[in-house]
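Structural overview
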Amino acid sequence: MVTTEILTGGVELIDRLSDEWTELCDEGASSDPFLRPEWFSAFVRNFENEIDLVTVRRDGKLRALLPVVKKSGSIHGIPVRKLQTVYNLNTQRFDLVHGADETEKKIIVNAVWEVIRDTTRWDVMEMRLVKKDSWFGDVLTLAESEKHKTGIWPMDGAPFITLPQSDDKVSSIDNFFKGSRKHFRQELDRRLRRLKEIGDVEFVVTQGFTTCLINTYFDLESNGWKGRSGTAVTDDPLVAQMHEEFAANVAEKQSLFVYQLKLDGKIIAMSLNIKQGPRIIHWKTSYDEKYSRYSPGNLLFRKLVQDCINDGHHEIDLLSPVTVNKKAWATSEREHVAFYIFRRSFIGYLLWNWKFHVISRLRELKSDKLVKMSDVQIEKHEVTV
């Protein structure tokens, strides 16, 4: 027997469902830390007074959950009523939370779609930063079968490292740094030697959370390029508080690992990492730019890679956005997309056409123009040479 329900509330609602929610995530299909109740608890406490939780139960047991909110927003300048995921620019990933039993997929997808379809007062449903192979893709298929316009919009991917698995850990580490990474390793060795020439170098790994430790990370980040660009966590007190609460919640589950690189006792690089089964999520990282010539961030990350291989982890998830530095380490990249369902109405059709025909075409033209400009610059460079 399958039952669906929309529950409305704040942190108290998340706390009430926390044990069931965690058990569902622990099945493995939705184990990502940003799909767990501790993330949404910290998020809602700081950014939302109230959210809706779409729940699907089978014989009374929670089998799927979708956190959503209704908001007034816009699509490329056009005002719109949105049914959207609980999301903002601090969100690293989102998805429908569900169990690991693939035989339940059809039942869950149908139940979720029926709830969305029957919910009133929205023009478009938007789910951002979702893995492309999400079960929500099947929800779009159902929506299309009932004459709703839908679309999938590409978003920034998430690089990751697949780590070698072997009983011989030393050989595994050596093999990881062979081939295209051989020069990278040699360069990091050279920079580490140079760093040791000016002081005592120490790598420190701390499991757990203290306010002092998280504030040290915040200070390091705010004094760097993120602080200058206005994107540091501490630029918004609510963002800082959310990160602190989430870090504390993760630490309670013995899953937070803080890596530090010290020079003569002074921290010059830090990273916050979350252990999730055989995976490590490289959540936040920063370094003191006065020591950038020594690549302190990469030196610290190499320590993390070596530890992960020694501990038998399978993967390091580098999260979005894609950067040159992440690509240098990564072995592959996960595709992220935004899923859209438009209300079966004249307004819904206009919004779909605006985003997926007009705006999409304008972006293609802009992209083609940039490619041509790049080709011209290459040709000029070749002539000059």
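None of the values given here were measured: they were computed from a predicted structure.

Examining the overall build of the chain
Regarding its fold elements, the chain presents 12 helices and 13 strands. Radius of gyration (C-alpha) of the chain: 23 Å, near the 21 Å computed for a compact globule of 385 residues. A principal-axis box enclosing the C-alpha atoms of the chain has dimensions of 70 × 60 × 40 Å. Residues counted as buried form 50% of the 385 residues belonging to the chain. When the accessible surface of the chain is split by element, carbon and sulfur atoms take 50% of a total near 19,000 Å². Each charge sign in the chain was given a centre, from 55 positive and 56 negative side chains, and these centres are 5 Å apart.

Thoughts on the pattern of salt bridges
On inspection of all chains with the given rule, the structure shows 32 salt bridges. A salt bridge links Lys-105 to Asp-138; the nearest nitrogen and oxygen atoms lie 3.5 Å apart. Taken together, the residues span a long stretch of sequence, with Lys-105 in helix 3 (residues 105–118) and Asp-138 in helix 4 (residues 136–145) at a distance of 33 residues. Assessed through its relative accessible area of 32%, Asp-138 is described here as partly exposed.

Thoughts on helix 4
Among the residues making up helix 4, those that are buried are Phe-136, Val-139, Leu-140 and Ala-143. Looking straight down helix 4, one finds its buried side chains confined to an arc of 100°; they lie on one side. For helix 4, the secondary structure elements touched by its buried residues are strand 3 (61–75), helix 3, strand 6 (124–131), strand 7 (150–162) and strand 13 (332–342). Looking one or two residues past helix 4, Lys-147 carries a phi angle of roughly 70°, positive in sign.

A word on the pairing of strand 2 (residues 51–58)
In terms of burial, strand 2 is a largely internal element, seven of the eight residues being buried. Sheet analysis places strand 2 next to strand 3, joined by seven bridges and oriented antiparallel. Across the sheet, residue Arg-57 finds its bridge partner in strand 3, namely Leu-62.

Considerations on the packing of helix 2 (residues 37–47) against helix 9 (residues 237–252)
Between helix 2 and helix 9, the least distance of the axes is 9 Å, while the angle of their chain directions is 155°. The angle between helix 2 and helix 9 places the two elements in the roughly antiparallel class. For the pair helix 2 and helix 9, the sense of crossing is right-handed. Contacts between helix 2 and helix 9 involve Glu-38, Trp-39, Ala-42, Phe-43, Arg-45, Asn-46 and Phe-47 on the former and, on the latter, Leu-238, Val-239, Gln-241, Met-242, Glu-245, Phe-246 and Asn-249. Residue composition of the contact of helix 2 with helix 9, grouped by class: eight nonpolar, three polar and three charged.

Things to note about the packing of helix 1 (residues 11–26) against helix 2
Running from N to C, helix 1 and helix 2 point in directions that differ by 170°, and their axes come no closer than 9 Å. The orientation of helix 1 relative to helix 2 falls into the category roughly antiparallel. Side by side, helix 1 and helix 2 meet where Val-11, Ile-14, Asp-15, Ser-18, Trp-21 and Thr-22 of the first sit next to Pro-37, Phe-40, Ser-41, Val-44 and Arg-45 of the second. Classifying every residue of the contact of helix 1 with helix 2 by side-chain character gives six nonpolar, three polar and two charged.

What to know about the nonpolar core
Leu-66, Val-112, Ile-116, Met-125, Phe-136 and Ile-341 are the most contacted members of the largest nonpolar core, which totals 71 residues. Residues within four places of Ile-341 in sequence aside, it is in contact with Trp-113, Trp-122, Asp-123, Val-124, Met-125, Phe-136, Val-139, Leu-140, Ala-143, His-148, Lys-149 and Thr-150. Counting residues in hydrophobic clusters, the runner-up holds 29 residues, among them Phe-184, Leu-192, Ile-280 and Ile-316.

Focus on helix 6 (residues 182–198)
Taking 1.5 Å of rise per residue, the 17 residues of helix 6 would be expected to cover 24 Å, and the 25 Å separating its terminal C-alpha atoms lies within 8% of that figure. Along helix 6, the residues classified as buried are Phe-184, Glu-187, Leu-188, Leu-192 and Leu-195. An end-on view of helix 6 places all buried positions within 140° of arc, on one side of the element. Opposite the packed face of helix 6, turned more than 90 degrees from it, sit the exposed residues Lys-182, His-183, Arg-193, Lys-196 and Glu-197. Its buried side turned inward, helix 6 meets strand 8 (201–207), strand 9 (256–263), strand 10 (266–276), helix 10 (296–310) and helix 11 (324–329).

With respect to the environment of Val-54
By the element assignment, Val-54 lies in strand 2. A sequence separation of 57 residues divides Val-54 from Ala-111, and the C-alpha atoms of the two residues are 9.7 Å apart. In this structure, Val-54 is in contact with Glu-5, Ile-6, Ala-64, Leu-65, Leu-66, Val-68 and Val-115, ignoring residues within four places of it in sequence.

Describing the packing of aromatic side chains
This model, assessed by the stated rule, comprises 19 aromatic pairs. Plain terms: the ring middles of Trp-39 and Phe-246 are 5.0 Å apart, the flat faces sit at 90° to each other, and that makes the pair edge-to-face. With Trp-39 in helix 2 and Phe-246 in helix 9, this residue pair connects regions lying 207 residues apart in the sequence. A relative accessible area of 1% places Trp-39 in the buried class. Among the aromatic residues, those joined into a ring-pair cluster are Phe-34, Trp-39, Phe-43, Phe-47, Phe-246 and Trp-283. Looking at Arg-343, its charged tip hangs above the ring of Trp-122, at a distance of 4.2 Å from the centre. The lysine or arginine in question, Lys-355, covers the ring of Trp-153, its NZ or CZ lying 3.7 Å from the ring centre.

Here is what the cut-offs are and how they apply
Residues numbered from 1 in each chain as written. Predicted model: local features only at pLDDT ≥ 70, side-chain atom pairs only at ≥ 80, totals over all residues. Heavy atoms only, no water. Helix = DSSP H or I, 4+ residues; strand = E, 2+ residues; numbered from the N terminus. Rg over C-alpha atoms; globule rule 2.2 N^0.38 Å. Buried < 20%, exposed > 50% of the residue type's maximum accessible area, 1.4 Å probe, protein only. Areas by Shrake-Rupley, 256 points an atom, 1.4 Å probe, with all protein chains shown as cover. Lys, Arg positive; Asp, Glu negative; His and termini not counted. Charge placed at Lys NZ, Arg CZ, Asp CG, Glu CD. Salt bridge = Lys/Arg side-chain N within 4 Å of Asp/Glu carboxyl O. Arc of directions from axis to C-beta. Contact = heavy atoms within 4.5 Å. Pairing = 2+ DSSP bridges. Axes fitted to C-alpha atoms, helices over the stretch in contact; angles between N-to-C directions. Parallel < 35°, antiparallel > 145°, perpendicular 65-115°, else oblique. Left-handed = near helix turned anticlockwise from the far one by under 90°. Nonpolar A, V, L, I, M, F, W, Y, C, P; charged D, E, K, R; others polar. Core = buried A, V, L, I, M, F, W, Y, C linked by side-chain atoms within 4.5 Å. Expected span 1.5 Å × (residues − 1). Phe/Tyr/Trp six-rings, centres within 6.5 Å; stacked < 30°, edge-to-face > 60°. Lys NZ or Arg CZ within 6 Å of the ring centre and 35° of its normal.

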